[in-house]
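In case you want the letters, here they are:
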Amino acid sequence: MVRTRLPREPEKEDAPRKGSKDVARHGKKRRGVAGGSPLGLQDDDDDEDEEDALGACEEDEEGLEGLGVPLDSVVKVWCVHSTPNFSLPWQRRRQYRSSGSGFVIDAERRVILTNAHCIEWHTQVKVQRRGCDTKHLAKVVSVGWEADCAVLTVENDEFWRDIKAVQLKKKVPHLEEHVLCVGFPVGGDTISVTSGVVSRVEVMTYAAACSELLGIQIDAAINSGNSGGPAFNAYGECLGMAFQSLSSDSAENIGYVIPTVVIMHFLNDLLKHGSYTGFPTIGIETQTMENPHLREAFGMSPTQKGLLVNRIAPTCAVATLLQAGDVLLSFDNEPIANDGTVLYRKHERVAFSWLVAQKFYGEPAQLKVLRNGELLDLQLEKLHPEVALVPVHLFNTKHQVPSYLIVAGLVFTTLTVPFLRSEFGEEWECEAPIEIVHRVIHQRAEEQGEQLVVLTQVLAHDLTIGYEELENMLLLDVNGVIVKNLRQVLALVDGCQEEFLRFTLHNNLVLVLKASDARTATPEALEKHGIPSASSPDLEAEASCGVEAQAVEAA
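Below: a short report on this structure. On a predicted model such as this, the values are computed, not experimentally measured, just so you know. (Residues numbered from 1 in each chain as written. Predicted model: local features only at pLDDT ≥ 70, side-chain atom pairs only at ≥ 80, totals over all residues. Heavy atoms only, no water.)

1. Structural notes on the overall build of the chain
Here is step 1 of the chain: If you tally the helices and strands in the chain, you get 10 helices and 29 strands.
Here is step 2 of the chain: Looking at the chain as a whole, 52% of its 555 residues are labelled buried.
Here is step 3 of the chain: In the form shown here, the chain has an accessible surface area of approximately 26,500 Å², with 47% of it arising from carbon and sulfur atoms. (Helix = DSSP H or I, 4+ residues; strand = E, 2+ residues; numbered from the N terminus. Buried < 20%, exposed > 50% of the residue type's maximum accessible area, 1.4 Å probe, protein only. Areas by Shrake-Rupley, 256 points an atom, 1.4 Å probe, with all protein chains shown as cover.)

This is how it looks when you write it as structure tokens:
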């Protein structure tokens with residue numbers, strides 16, 4: 001690993017996450033949460049909740065006990081980040097510091113909750129209690145990127161002395177309900193308290209992993225550093241966790257809170273499976289059925305409502321169950337409207353995807369569809385994740401570093417969203433080559449392990465003369481064999497028995513090298529450019545496993 005020094009400039013607060021556009025998108029809540037009660041759960045049926053909550057804080061010298069919230073449960077999270085360099089995948093970028101917020105949800109089990117993006121690419125995490133001058137080393141226990149949640153723990157007994165836990169309220173708050181956001185935002189070192197009201201509850205985009213989950217919009221200020229802090233109601237119950245805000249260019253004083261139902265799903269997932277598995281999706285592309293002629297053409301009666309299924313991902317859970325042209329009428333007996341929403345609460349509707357997201361992988365589901373005018377009740381035996389052709393993050397990989405392969409100065413890597421951001425910036429949809437953008441948006445994985453491989457650059461070497469300007473081009477095949485993933489490219493190069501290595505790129509470009517000369521040139525290019533290895537750790541591990549397997553077979 002390349003070791004880098006910390007920057008000398010002042011410590012940075014964690015970068016604020018941009019919220020989704022102010023678009024009315026809607027989805028529904030499931031009755032109850034499977035998997036048992038999560039850590040720190042508050043029972044709404046307790047008649048003494050309000051009294052307990054109002055008495056949660058002991059008297060202090062600052063006179064803040066009147067707020068009725070457990071301020072001492074809120075901690076400051078310090079993190080040192082070491083981000084991979086996706087443009088030069090054998091390196092890491094210079095380390096930087098950030099700070100955010102967190103809060104204790106179970107003092108007995110020593111559990112602290114914060115945002116996933118606060119500890120992204122962490123090399124060291126420390127937490128500091130309010131009014132304490134000591135920063136304690138923390139360990140990251142689990143991360144749920146879709147929900148932007150992370151669980152931390154501290155081994156030091158001193159940290160947990162006399163600390164109280166925040167209680168999570170089961171129900172999602174109603175509009176106009178009072179909200180108190182607590183954290184350690186930019187602008188000072190001490191704890192900060194801001195107040196507002198709930199202004200919207202809907203399915204929204206979580207910026208950390210581009211997932212669509214239920215969220216709460218509030219008018220309280222959520223600034224850089226507030227991320228990971230709790231949001232309380234008037235009775236001191238935790239309604240959720242601050243995590244992102246809308247850009248000040250678009251609107252003012254619009255912040256977003258992860259509701260406790262999402263946090264509880266994340267915690268229940270850990271209790272149910274022993275590790276984080278994620279929020280399910282069913283992997284279909286749909287079209288609204290609001291046009292009466294469209295409904296009539298697909299055989300719908302005047303009383304029937306639903307969504308038209310246009311496309312089904314080959315690796316999704318319903319790939320063998322649904323067909324293009326089906327009209328999805330209900331999910332788990334909850335009717336779906338023509339605009340794709342389901343009833344959430346009285347006078348409130350949310351996107352039907354929220355019904356799916358509240359389930360757990362491995363659970364069954366019931367679907368009612370209209371196919372060629374015939375009503376069908378379909379039973380999905382088990383939900384499972386769809387294979388991501390272009391991952392939005394490396395959180396599911398063992399080594400959590402970019403995969404790469406160097407062949408005589410040709411640098412190949414896998415196409416991921418972090419790579420696109422590194423090469424083309426946040427507006428990569430506009431800046432990246434149109435062929436790549438088209439694949440990212442429209443192509444879906446056909447099988448497990450499928451990847452898109454990119455020739456990201458050509459390192460200077462005598463063997464690569466004339467190829468220097470080729471960069472960021474999709475690799476389609478090697479010697480006529482269609483490329484499925486980077487591991488296959490390594491196998492094709494190492495096992496090549498032909499005189500030439502022929503790499504076909506998009507736009508019908510062909511790159512040719514003599515196979516024997518390429519094998520000789522690879523270590524020369526590595527030495528010339530100071531690169532420690534011709535392949536990433538994941539490819540090296542798979543190659544060594546293959547060699548060991550061959551040795552066992554030979555024996």
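This is not the end of the story, as more comes after the structure.
2. Some remarks on the sheet that holds strand β6 (residues 135-144)
Here is step 1 of the chain: Ordered in space as β2-β3-β4-β7-β6-β5, the 6 strands form a closed barrel in which the pairing is antiparallel. Geometrically, the sheet is characterised by an average inter-axis angle of 40° between neighbouring strands, direction not taken into account.
Here is step 2 of the chain: Sheet topology note: the strand β5 (residues 122-129)/β6 ladder contains 4 bridges and is antiparallel. Bridge pairing in β6 links Lys 126 to Leu 137.
Here is step 3 of the chain: Relative to the sheet, helix α2 (residues 260-273) contacts β3 (96-106), β4 (111-114), β6 and β7 (149-153), its axis offset from that of β7 by approximately 55°. (Pairing = 2+ DSSP bridges. Axes fitted to C-alpha atoms, helices over the stretch in contact; angles between N-to-C directions. Contact = heavy atoms within 4.5 Å.)

3. Structural notes on α2
Here is step 1 of the chain: Counted at 1.5 Å a residue, the expected span for α2 with its 14 residues is 20 Å, and the 19 Å between its end C-alpha atoms agrees.
Here is step 2 of the chain: By the criterion of burial, α2 is predominantly enclosed, with 11 of the 14 residues buried.
Here is step 3 of the chain: If you check which residues of α2 are buried, you get Thr 260, Val 261, Val 262, Ile 263, Met 264, His 265, Phe 266, Leu 267, Asn 268, Asp 269 and Leu 270.
Here is step 4 of the chain: Gly 274 occupies a position one or two residues after α2 and carries a positive phi of about 85°. (Expected span 1.5 Å × (residues − 1).)

4. Quick word on the pairing of β5
Here is step 1 of the chain: Pairing between strand β2 (residues 74-81) and β5: 7 bridges, direction antiparallel. Bridge pairing links Lys 76 to Gln 128 in β5.
Here is step 2 of the chain: What sits between β5 and β6 in their antiparallel hairpin is a turn of 5 residues, with Gly 131 showing a positive phi close to 75°.

5. A word on the pattern of salt bridges
Here is step 1 of the chain: In this structure the tally under the stated criterion is 14 salt bridges.
Here is step 2 of the chain: Between Asp 157 and Arg 110 there is a salt bridge, with its nearest N and O atoms 2.5 Å apart. Highlighted residues: Asp 157 in the loop between β7 and β8 (168-169) and Arg 110 in the loop between β3 and β4, separated in sequence by 47 residues.
Here is step 3 of the chain: Arg 110 sits in the partly exposed class, given a relative accessible area of 26%.
Here is step 4 of the chain: Put simply, Arg 345 and Glu 348 hold a salt bridge, and the shortest N to O gap is 2.8 Å. The same class applies to Arg 345 and to Glu 348, which are both buried.
Here is step 5 of the chain: Each of Glu 285, Arg 311 and Arg 444 takes part in one network of salt bridges that share partners. (Salt bridge = Lys/Arg side-chain N within 4 Å of Asp/Glu carboxyl O.)

6. What to know about the packing of aromatic side chains
Ring pairs (aromatic) are described by centroid distance and by the angle formed between their planes.
Here is step 1 of the chain: Tallying each qualifying case throughout the model produces 7 aromatic pairs.
Here is step 2 of the chain: Ring centres of Trp 145 and Phe 395 lie 6.4 Å apart, and the angle between their planes is 25°; this geometry places the pair in the stacked category. With Trp 145 in the loop between β6 and β7 and Phe 395 in the loop between β22 (374-380) and β23 (404-407), this residue pair connects regions lying 250 residues apart in the sequence.
Here is step 3 of the chain: Among the residues examined, Trp 145 registers a relative accessible area of 6% and is labelled buried.
Here is step 4 of the chain: Centroid distance Tyr 206 to Phe 243: 4.6 Å. Interplanar angle 40°. Geometry classified as tilted. Pair noted here: Tyr 206 is in strand β10 (residues 192-206) and Phe 243 is in strand β13 (residues 238-245), with a separation of 37 residues, a long-range link. The pair formed by Tyr 206 and Phe 243 is uniform in burial state, with each residue classed as buried.
Here is step 5 of the chain: In this structure, Lys 135 is placed above the aromatic ring of Trp 78, and the distance from its NZ or CZ to the ring centre is 4.7 Å. (Phe/Tyr/Trp six-rings, centres within 6.5 Å; stacked < 30°, edge-to-face > 60°. Lys NZ or Arg CZ within 6 Å of the ring centre and 35° of its normal.)

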